[in-house]
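As a plain string of letters, each chain reads:
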Amino acid sequence: MDKNLTALKPALVWKHFAEICNIPHPSHSEDKIRQYLVDFAVAHGIEHSVDEAGNVYMSKPATPGMEACKGVVLQAHMDMVPQKNNDKVFDFINDPIEAYIDGEWVTANGTTLGADNGIGVAAILAVLEDDTIEHGPIEGLITATEETGMDGAFGLKGGLLKGEILLNLDSETEGELYVGCAGGTDVNASLAYTAEAAPAEGYMAVAIAVKGCKGGHSGIQIVCQRANANKLLFRLLRKLVAQMELKIASVDGGGLRNAIPRESVAVVMVKASDVEALNAEVAAFEQVAIAEYAAVEDAISIKAALVAAPASVMPCAVAKSLMAAMVACPDGVDKMSLAMEGLVQTSNNMARVVSDGETIKVQTLVRSSVRSEKEALADAIKAVLEMAGFEVKLSGSYDGWNPNMQSPILNAMLESYEALYGKRPAVTAIHAGLECGIIGSNYPGLDMISFGPTICYPHSPDEKVEIASVEKFFDFLLHTLRNAPKK
C-alpha cells in the first residue's frame, strides 16, 4: 500500500492534501484543521482572519504587473463527511485518514477520503504558498461545516470579500464548469412514544439488516437511482407484518443527511414459530432487491440473524405508523430538468431513521433548482409524516444558484481550457448544493464558477480522486489566474 502522496504532482497540492489527511476534520470537529490553516498563514506571512462562523479568510496582493486584474476569491470548505465500512474500526475525531495510491487513483482504507473538499483546500494553499505563480489580487475563503448544513456560508457576513470573481473548488468532474446548483431544505421529524415491555415468552429477537448498498452523495449519485437501505428495510418490514405478528424494538438506518443510506438495521420480535417463515421471506426479498437493482448495485445483502432479546418494543400503533410513513415517503429523483439533459431538477434523500426507546427521528434532504418545487416536495413529505403522528420541522433552506451564461469569468475559463487542452470544457449545472448560491446572496453580482478534479463516490468509503485529473485541474486554475479578466 503506497502512502507516499507527496511523490505525486503537483507536489505542493499533494503535500498539503497529505497533511490535511493527517488532521481529523469531520463536520463539527474542525478546530484542528482551522488551526492548521491559521498556522499556515502565519508561517507564510499571509494576511488572515477567522470569523464568527469559523471560516478562515486569507488574502494576498497581486504579483507585480497583475494589479489590473479583477480580484479572485478561491473558495473551498474545510470539513469532510465521516463515513466508514461497517467492519472498519476508526475514530474520525482522533484518527488520521489512511490515504494511499491505488493505481491511477488516491483512496482511503475503509473510510471516506476527504478529497471532497480537501483537494480544493490544498489547491488554495498551494497557490498562496507559491510566490512564482502569477495572479491578480487573490483571497482564500475556506468555509466551515459545509457538509451538514453549510453553516460557514450561511454565517459569512457581507463586506469581507473584496474580489469580483469567486472560483468554488468543490466540483467533482474534471473538464466540467458548473454555473448553477440546486437549493435545499432539511426535513426533520420526531415521534415520541412510550415503549412497552418486550414479550417474555414464546418470542425471539431478530436483527434484520440491509447492507452493501453503494450509497454516495445524495446530490450527485441520486441520478444513478441507487438503492436506499432505509426504503428497502421498511418495505420488507411492511411485507413481514402483513404475514405474521411482528414487534419492532429499534431501528437504525442511514447516516448523514446528504449521504444515500448504505445500511439500515431493525431489531424485531416474532413468535418462535414464525422465525423460519421470517427467514424465508427475508431471503426471498433479498433476491427481489438484487434483481430490481441489478443494473446499479452489485452487493446488496439483506439478512436476518437471532440476537439477544431487547427490554422493550414500540407500541404496535407506533410501529404501524412508522412503517407506513417510511414506505410512503418520497425518495430519490422526483423530477428531471427539461432545460438541461441529464440534470436532476428535484429530489429527496430519506437519509436517517433512528429510534432510542423513547423517540423515533427521521431526517430527509430535499433538493431542487426550482424554489417552488423544493417547497412543494418538502411540504408533501411533511404531510406524510404528520399523518403518521410525527412532529415535523423544515430548516436550513437555501436557494440555488442561477446560471449566468454571459459571465466574464466563464468566457475566460472556456478560452483557458481550450488553450491548455485543445477542447472546450462542458458547461453544466449540478444537483448538489454548492455554497455559491448562499455566498452569492450576500455578495450580489459576484461572478462565480465551480470546478474541480474527478472525485468518484464522495460521501462513501469508496471515495477516490483521480491523480491525473488533479494535475489538470491545478494547471487550469493557474492558467485561469494568469488570464483573469481585467477590472
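So, here is what we can say about the structure in this document.

What counts and what doesn't
Residues numbered from 1 in each chain as written. Predicted model: local features only at pLDDT ≥ 70, side-chain atom pairs only at ≥ 80, totals over all residues. Heavy atoms only, no water. Pairing = 2+ DSSP bridges. Helix = DSSP H or I, 4+ residues; strand = E, 2+ residues; numbered from the N terminus. Axes fitted to C-alpha atoms, helices over the stretch in contact; angles between N-to-C directions. Parallel < 35°, antiparallel > 145°, perpendicular 65-115°, else oblique. Left-handed = near helix turned anticlockwise from the far one by under 90°. Contact = heavy atoms within 4.5 Å. Nonpolar A, V, L, I, M, F, W, Y, C, P; charged D, E, K, R; others polar. Polar contact = N/O pair within 3.5 Å; in protein donor to acceptor, adjacent residues only side chain to side chain. Expected span 1.5 Å × (residues − 1). Core = buried A, V, L, I, M, F, W, Y, C linked by side-chain atoms within 4.5 Å. Buried < 20%, exposed > 50% of the residue type's maximum accessible area, 1.4 Å probe, protein only. Salt bridge = Lys/Arg side-chain N within 4 Å of Asp/Glu carboxyl O. Patch = residues over 30% accessible without salt bridge, like charges linked within 9 Å, V, L, I, M, F, W, Y side chains within 5 Å. Areas by Shrake-Rupley, 256 points an atom, 1.4 Å probe, with all protein chains shown as cover. Phe/Tyr/Trp six-rings, centres within 6.5 Å; stacked < 30°, edge-to-face > 60°. Lys NZ or Arg CZ within 6 Å of the ring centre and 35° of its normal. Disulfide = S-S within 2.5 Å.

**Re the sheet that holds strand S23 (residues 464-466)**
Strand order across the open sheet formed by four strands is S4-S5-S23-S22, with antiparallel pairing between neighbours. Each of the sheet's edge strands pairs with one partner strand only, and the pair in question is strand S4 (99-102) and strand S22 (455-456).

**With respect to the packing of helix H9 (residues 408-421) against helix H11 (residues 467-482)**
The description of two packed helices rests on the angle between their axes and on the distance between the axes. Put simply, H9 and H11 touch, their axes get as near as 9 Å, and they point 125° apart. In this view, H9 runs oblique relative to H11, as classed from their interaxial angle. Regarding H9 and H11, the two cross each other, and that crossing is right-handed. Across the interface between the two elements, Ile409, Met413, Ser416, Tyr417, Ala419, Leu420 and Tyr421 from H9 touch Lys472, Asp475, Phe476, His479 and Thr480 from H11. For the contact of H9 with H11, the residue count by class is seven nonpolar, three polar and two charged.

**A short note on the side chain of Ser27**
By secondary structure assignment, the location of Ser27 is in the loop between helix H1 (11-21) and helix H2 (31-43). A polar contact is formed between the side chain of Ser27 and the side chain of Asp79, at a distance of 2.6 Å. When sequence neighbours within four positions are dropped, the list of residues in contact with Ser27 reads Asp79, Met80, Thr145, Glu147 and Thr148.

**Points about helix H5 (residues 229-241)**
Its 13 residues give H5 an end-to-end C-alpha distance of 18 Å, which sits within 8% of 18 Å, the value for a rise of 1.5 Å per residue. For H5, the side-chain oxygen to backbone nitrogen distance between the N-cap and Asn230 is 2.9 Å, and the N-cap itself is Asn228.

**Structural notes on the nonpolar core**
The tendency in soluble globular proteins is for nonpolar side chains to be buried side by side. Within the largest apolar cluster, 71 residues are counted, with the highest numbers of intra-cluster contacts made by Trp14, Phe17, Val106, Leu113, Leu167, Phe451 and Leu477. If you tally residues by element for this core, the top one is helix H3 (residues 115-129), at ten residues. Grouped together as the second largest cluster of nonpolar side chains are 52 residues, Val187, Leu246, Val275 and Val362 included.

**Digging into the pattern of salt bridges**
A complete count under the given rule lists 17 salt bridges for this structure. The partner of Arg34 in a salt bridge is Asp31, with the nearest N and O atoms 3.0 Å apart. Taken together, the residues span about one helical turn, with Arg34 and Asp31 both in helix H2 at a distance of three residues. Note on Arg34: relative accessible area 16%, which makes it buried. Residue classification places Asp31 among the exposed positions, given a relative accessible area of 60%. For Arg371, the salt bridge identified is with Asp399, shortest N-O distance 2.4 Å. One end of the pair, Arg371, is in helix H8 (residues 371-387); the other, Asp399, is in the loop between strand S19 (391-398) and H9, with 28 residues separating them in the sequence. With relative accessibility at 35%, the residue Asp399 sits in the partly exposed group. Look at the salt bridges and you will find they share partners, linking Glu245, Lys247 and Lys271 into a network.

**Description of the packing of H1 against H2**
Put simply, H1 and H2 touch, their axes get as near as 10 Å, and they point 145° apart. Along this stretch, H1 crosses H2, giving a crossing that reads as right-handed. Residue-level contacts link His16, Glu19 and Ile20 of H1 to Ile33, Tyr36 and Phe40 of H2. Residue composition of the contact of H1 with H2, grouped by class: four nonpolar, one polar and one charged.

**Thoughts on H3**
Compared with an ideal rise of 1.5 Å per residue, which puts 15 residues at 21 Å, H3 spans 20 Å between its outermost C-alpha atoms and is within 8% of the ideal. Within H3, 14 of the 15 residues are buried, which leaves it mostly tucked inside the rest of the structure.

**A word on a nonpolar patch on the surface**
Nonpolar side chains collect at one region of the surface, where Val223, Val333 and Met336 lie side by side and expose about 190 Å² of accessible area between them. Assignment of secondary structure puts Val223 in the loop between strand S11 (203-211) and H5.

**Quick notes on the packing of aromatic side chains**
Taken as a whole and judged by the stated rule, the model has seven aromatic pairs. Arranged with centres 6.2 Å apart and planes meeting at 70°, the rings of Phe154 and Tyr398 form a pair that is edge-to-face. Residue Phe154 is located in helix H4 (residues 151-155), and its partner Tyr398 is located in strand S19; the two are separated by 244 residues in the primary sequence. For Tyr398, a relative accessible area of 4% translates into the label buried. Feature note: the residues Tyr417, Tyr421, Phe451, Phe473 and Phe476 constitute an aromatic cluster, connected by ring pairs. A cation over a ring is seen here: Lys464 above Trp105, with NZ or CZ 4.4 Å from the ring centre. The ring of Tyr421 carries the charged tip of Lys472 above its face, separated from the ring centre by 4.6 Å.

**Structural notes on the state of the cysteines**
For the structure shown, the criterion picks out zero disulfides. We note that Cys224 lacks a disulfide partner, and the nearest cysteine sulfur, in Cys456, lies 10 Å from it. Looking at Cys224, the relative accessible area reads 31%, which means it is partly exposed.

**Examining the side chain of Ser347**
Among the secondary structure elements, Ser347 is positioned in strand S17 (residues 344-355). A distance of 2.7 Å separates polar atoms of two side chains, one belonging to Ser347 and the other to His431. Discounting residues that sit within four places of it in the chain, Ser347 has contacts with Ser218, Ile222, Gly332, Val333, Asp334, Leu365, Val366, Arg367, Leu377 and His431.

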